[in-house]
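Results of the structural survey
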Amino acid sequence: MVRAADALLLLSFGGPERPEDVMPFLENVTRGRGVPRERLAEVAQHYLHFGGVSPINALNRDIIAAVQRELVGAGIELPVYFGNRNWNPMVEETVARMAADGVRSALVFPTSAWGGYSGCLQYDEDISRARAAMGPDAPELVKLRQYFDHPLLIEAFAAAIRAAVDALPVQRRDGARLVFTAHSIPVSADISAGPPADGGRLYSRQVAEAARLCSAATGFTDYDLVWQSRSGPPQIPWLDPDIVDHLEELSGKGVDAVVVCPVGFVSDHLEVIWDLDNEAREKAEELGMAFARAATPGTDPRFARLVVELINEHLAGSSPRRLGDIPGYGCTVNGAPCAVGCCTPPRRPATAT
């Protein structure tokens, strides 16, 4: 059964593109969470270190251009729109423009491969909020499924891991340790991630499955999964260990080279270039470890093909291509959650990202 769609909306987190955007952007991210101004100023320095520009918007525009080329090649006439949660172009404005352009039904591709509140349900909330702002003339918005174990995503990560290994000094490649990272979340949020019937912890289970698949695709028989970018009061447990702490542990065991793969990220968000390319790399240098960071998959041509495969899958009603056994969800209409009680929104600590 063919399902009609008039457009595709790429929905993302958003990021500042000028120094003067940084604080308003962070205020959007943390609105309603009571984050102290001094904490925002601290996080702002991470952005200002890179000229006040997050790479995420430019990378998303590159993804959109690649997807448009793939759509033309596949003979699919589908305009592609771009909307963000926290910075321009804001999703509310984009959905209004889509309605003005005559779009009545659109597919939504979120730049998160995962389940959980931040990885899935928060995108549903974005869709619901944007439609409510538009009113009765809002187009139907169908979010595409989670794709953490899609063969093309795993192939792109695997190619990036192999390239990172080749970037290490020749004499250290054989003993290099493969370390996967993903954005940490509060343990309580992970416990509530996914439909209740599946027992929770969907986010960490999906990340672990993606790491396993990438490791197998690159021939590594052993690897580590760690976390990064945690924030918040120290008394609130988050997924750990942290990447920097883990590097110290590996060094203590005699490991002198690491390949770090940010398996939890589609593109080089600020968390990737600050926490890995800056903090983790500096720690590795301090420890005398060779360090190579695998590229994120958004710039790989396979990623645009993945997006078009998901579109085709939905339009034609075909079976999803998946490599893993961990449940995947995410395909919902007009901001509905995947199931009743799925990914309960966490209580917000007073933190910034």
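In this text the structure is predicted, and so the values were computed from the model without any measurement. (Residues numbered from 1 in each chain as written. Predicted model: local features only at pLDDT ≥ 70, side-chain atom pairs only at ≥ 80, totals over all residues. Heavy atoms only, no water.)

**Some details on the pairing of strand β3 (residues 105-110)**
Of all 6 residues in β3, 6 are buried, a share of seventy percent or more. By the alternation rule, side chains of β3 split into Ser 105, Leu 107 and Phe 109 and Ala 106, Val 108 and Pro 110, which are all buried. Where strand β1 (residues 7-12) lies against β3, 5 bridges are found, and the strand directions are parallel. In the sheet register, Leu 8 faces β3, and the bridge partner there is Leu 107. Note: β3 against strand β4 (residues 140-143), 4 bridges, orientation parallel. (Buried < 20%, exposed > 50% of the residue type's maximum accessible area, 1.4 Å probe, protein only. Helix = DSSP H or I, 4+ residues; strand = E, 2+ residues; numbered from the N terminus. Pairing = 2+ DSSP bridges.)

**With respect to the confidence of the model for the protein chain**
Confidence along the protein chain averages 94 in pLDDT terms, with 97% of residues attaining 70 or more. The low-confidence segment residues 349-353, where pLDDT is below 50, has 22 contacts with residues more than four positions distant or belonging to other chains. (pLDDT = per-residue confidence, 0-100. Contact = heavy atoms within 4.5 Å.)

**Details of the packing of aromatic side chains**
One pair of aromatic rings is described through two measures. These are the centre distance and the angle between the planes. Going through the model one piece at a time under the given rule, you end up with 10 aromatic pairs. Between Tyr 147 and Phe 303, the ring centres sit 6.3 Å apart and the planes meet at 65 degrees, which makes this aromatic pair edge-to-face. Here the residue Tyr 147 occupies a position in the loop between β4 and α6 (151-167), and Phe 303 occupies one in helix α11 (residues 301-316), the gap between them amounting to 156 residues. There is no split in this pair, since Tyr 147 and Phe 303 are both buried. Here a set of aromatic residues connected by ring pairs shows up, and it is made of Trp 114, Phe 148, Tyr 203 and Trp 227. In this structure, Arg 85 packs its charged tip against the face of Tyr 123, placed 4.5 Å from the ring centre. (Phe/Tyr/Trp six-rings, centres within 6.5 Å; stacked < 30°, edge-to-face > 60°. Lys NZ or Arg CZ within 6 Å of the ring centre and 35° of its normal.)

**A closer look at the side chain of His 150**
When you line up the elements, His 150 lands in the loop between β4 and α6. With relative accessibility at 1%, the residue His 150 sits in the buried group. Polar side-chain contacts of His 150 include one of 3.1 Å to the side chain of Glu 309. Residues within four places of His 150 in sequence aside, it is in contact with Arg 145, Leu 306, Glu 309, Leu 310 and Arg 321. (Polar contact = N/O pair within 3.5 Å; in protein donor to acceptor, adjacent residues only side chain to side chain.)

**Regarding unusual backbone geometry**
Cis rather than trans, the peptide bond between Asn 88 and Pro 89 has omega equal to 0 degrees. Relative to the assigned elements, Pro 89 resides in the loop between β2 (80-84) and α4 (91-100). Here the residue pair Asp 240 and Pro 241 is connected by a cis peptide bond, since its omega of 10 degrees sits within 30 degrees of zero. If you trace the backbone, Pro 241 turns up in the loop between β6 (224-228) and α9 (243-252). Phi is positive for Arg 201, close to 55 degrees, though the residue is something other than glycine. As for its position among the elements, Arg 201 is in the loop between α7 (187-191) and α8 (202-218). The exposure class of Arg 201 is partly exposed, given its relative accessible area of 35%.

**Points about α11**
In this model, α11 (16 residues) spans 23 Å end to end at C-alpha, consistent with the 22 Å of a helix rising 1.5 Å per residue. Taken residue by residue, α11 has Phe 303, Ala 304, Leu 306, Val 307, Val 308, Leu 310, Ile 311, Glu 313, His 314 and Leu 315 as its buried positions. Packing partners of the buried residues in α11 comprise β1, α3 (56-73), β3, β4 and α6. Of the residues flanking the start of α11, the one acting as N-cap is Asp 300, its side-chain oxygen 2.7 Å from the backbone nitrogen of Arg 302. Within two residues after α11, Gly 317 carries a phi angle of roughly 70 degrees, on the positive side. (Expected span 1.5 Å × (residues − 1).)

**Some remarks on the packing of α4 against helix α5 (residues 117-134)**
The N-to-C vectors of α4 and α5 enclose an angle of 55 degrees; their axes lie 8 Å apart at closest approach. On the basis of their axis angle, the class for α4 and α5 is oblique. Remark: the crossing between α4 and α5 carries right-handed chirality. Only Asp 126, Arg 129, Ala 130, Ala 133 and Met 134 of α5 make contact with α4, whose side of the interface consists of Val 91, Glu 92, Val 95, Ala 96 and Ala 99. Across the contact of α4 with α5, the residue classes break down as 7 nonpolar, no polar and 3 charged. (Axes fitted to C-alpha atoms, helices over the stretch in contact; angles between N-to-C directions. Parallel < 35°, antiparallel > 145°, perpendicular 65-115°, else oblique. Left-handed = near helix turned anticlockwise from the far one by under 90°. Nonpolar A, V, L, I, M, F, W, Y, C, P; charged D, E, K, R; others polar.)

**Quick word on the packing of helix α1 (residues 22-30) against helix α2 (residues 37-48)**
Two elements in contact, α1 and α2, have axes separated by 10 Å at closest approach and are oriented at 125 degrees. Here α1 is positioned oblique relative to α2, judged by the angle of their axes. Relative to α2, α1 is oriented so that their crossing is right-handed. In this structure, α1 contributes Val 22, Met 23, Phe 25, Leu 26, Glu 27 and Thr 30 to the contact, and α2 contributes Arg 37, Leu 40, Ala 41, Val 43, Ala 44, Tyr 47 and Leu 48.

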